[in-house]
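As a plain string of letters, each chain reads:
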Amino acid sequence: GILKHKMKRIVGIVSCVAAALLLAACEKEGPEFFKGNYTFKTSGSVSAELSIENTDGSSSSTLDLDLETEQGQMDILKTGSGDGGMIVTMNVLGGDVRSFRARAEGSSLIVEPFDTKIKLQIARHGTAIIDVTASGSAKRYGNVVIFDLVYEGEGVSEIGESTADVKICDSSVQCIAKLND
């Protein structure tokens, strides 16, 4: 009698705690989950077909090129559209400001394709600036949001006395954003 009553009570308490935890977990999704002011750093590399022309002639090869690292402040804001729509603004330290749209889907943030410029370090030649289309997704872990980005595009860039024709084949780019206190 008494043991059975205590067991029912314990099962009841455990059920309430489980339901509360489940409810709390469900609230940690969507736009509210990502909204905030962050400090970010972006780095990575692209694999690119590279043709360089200069006074010595021309050369062509496929290379892995490092992106110029960017860091600065990021804001992830709700658009208020009710469909998970968000706007991400990035203020790059000593550089550009860019913004793009994203969509919160559960615990993921889907980056809608946007146009931007990237700086690629080309050994013995310098920095090429290329227009690309970026897309990708992000996940939040504690107070950190990790963006996995994909860059696609091609372009021509003047580097000193040379002209570089760059076509991106593959990319591996991450942006780590830490929530500011």
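In what follows, the accompanying structure is described. (Residues numbered from 1 in each chain as written. Predicted model: local features only at pLDDT ≥ 70, side-chain atom pairs only at ≥ 80, totals over all residues. Heavy atoms only, no water.)

## Thoughts on the side chain of Ser 162
Formally: Working definition: helices are DSSP H or I runs of at least four residues, strands are E runs of at least two. Numbering for both runs from the N terminus. Burial classes follow relative accessibility: with a 1.4 Å probe on protein chains only, a residue under 20% of its type's maximum area counts as buried, one over 50% as exposed, and anything between as partly exposed. By the criterion applied in these results, polar contacts are pairs of N or O atoms within 3.5 Å in which, for protein atoms, one can donate a hydrogen and the other can accept it, and in which residues neighboring in sequence qualify only through two side-chain atoms. Should any heavy atoms of two residues lie within 4.5 Å, those residues are counted as being in contact.
Among the structural elements, Ser 162 can be located in strand S10 (residues 162–179). Residue classification places Ser 162 among the buried positions, given a relative accessible area of 7%. For Ser 162, the side chain forms a polar contact with the side chain of Asn 54, separated by 3.4 Å. Excluding its chain neighbours within four sequence positions, the residues that come into contact with Ser 162 are Ile 52, Glu 53, Asn 54, His 125 and Ser 157.

## Focus: the pairing of strand S4 (residues 85–92)
Our working rule: Here a strand pair is declared whenever DSSP counts at least two bridges between the two strands.
As judged from the seven bridges shared by strand S3 (residues 70–78) and S4, these two strands associate in the antiparallel manner. In the strand pairing of S4, Leu 77 is matched with Ile 87. Sheet analysis places S4 next to strand S5 (residues 97–105), joined by seven bridges and oriented antiparallel. Bridge pairing links Met 90 to Arg 98 in S5. Connecting S4 to the next strand, S5, in antiparallel fashion are four residues, including Gly 94 with a positive phi near 65°.

## Considering the side chain of Ser 135
You can see Ser 135 is positioned in strand S7 (residues 126–141). With residues near it in sequence (within four places) discarded, Ser 135 still touches Val 111, Pro 113, Asp 148, Leu 149 and Val 150.

## Thoughts on the nonpolar core
Which entries qualify depends on this criterion: Remark: nonpolar core denotes a set of buried residues (Ala, Val, Leu, Ile, Met, Phe, Trp, Tyr, Cys) joined through side-chain atoms within 4.5 Å.
Membership of the largest hydrophobic core comes to 41 residues, with the highest contact counts inside it found for Met 74, Ile 76, Leu 109, Phe 147 and Tyr 151. When sequence neighbours within four positions are dropped, the list of residues in contact with Ile 76 reads Phe 34, Lys 35, Gly 36, Tyr 38, Met 86, Ile 87, Val 88, Leu 109 and Phe 147.

## Here we look at the packing of aromatic side chains
What counts is decided by this rule: Here the aromatic set is Phe, Tyr and Trp, taking the six-membered ring for Trp, and pairing holds for ring centres within 6.5 Å; pairs whose planes are under 30 degrees apart are stacked, those over 60 apart are edge-to-face, and all others are tilted. We call a charge positioned over a ring when the NZ of a Lys or the CZ of an Arg lies within 6 Å of the ring centre and within 35 degrees of the ring normal.
Counting across every chain of the model gives two aromatic pairs. Ring geometry for Phe 33 against Phe 34: centres 5.2 Å apart, planes inclined by 70°, an arrangement best described as edge-to-face. Judged by relative accessible area, Phe 33 falls into the buried class, the value being 14%. Overall, the relative accessible area of 0% leaves Phe 34 in the buried class. Between Phe 100 and Phe 114, the aromatic rings sit 4.3 Å apart at their centres with planes inclined by 5°, giving stacked as the arrangement. Highlighted residues: Phe 100 in strand S5 and Phe 114 in strand S6 (residues 108–122), separated in sequence by 14 residues. Of the two residues examined, Phe 100 and Phe 114, each falls in the buried class. Above the ring of Phe 33, the side-chain terminus of Arg 140 is found at 5.5 Å from the ring centroid.

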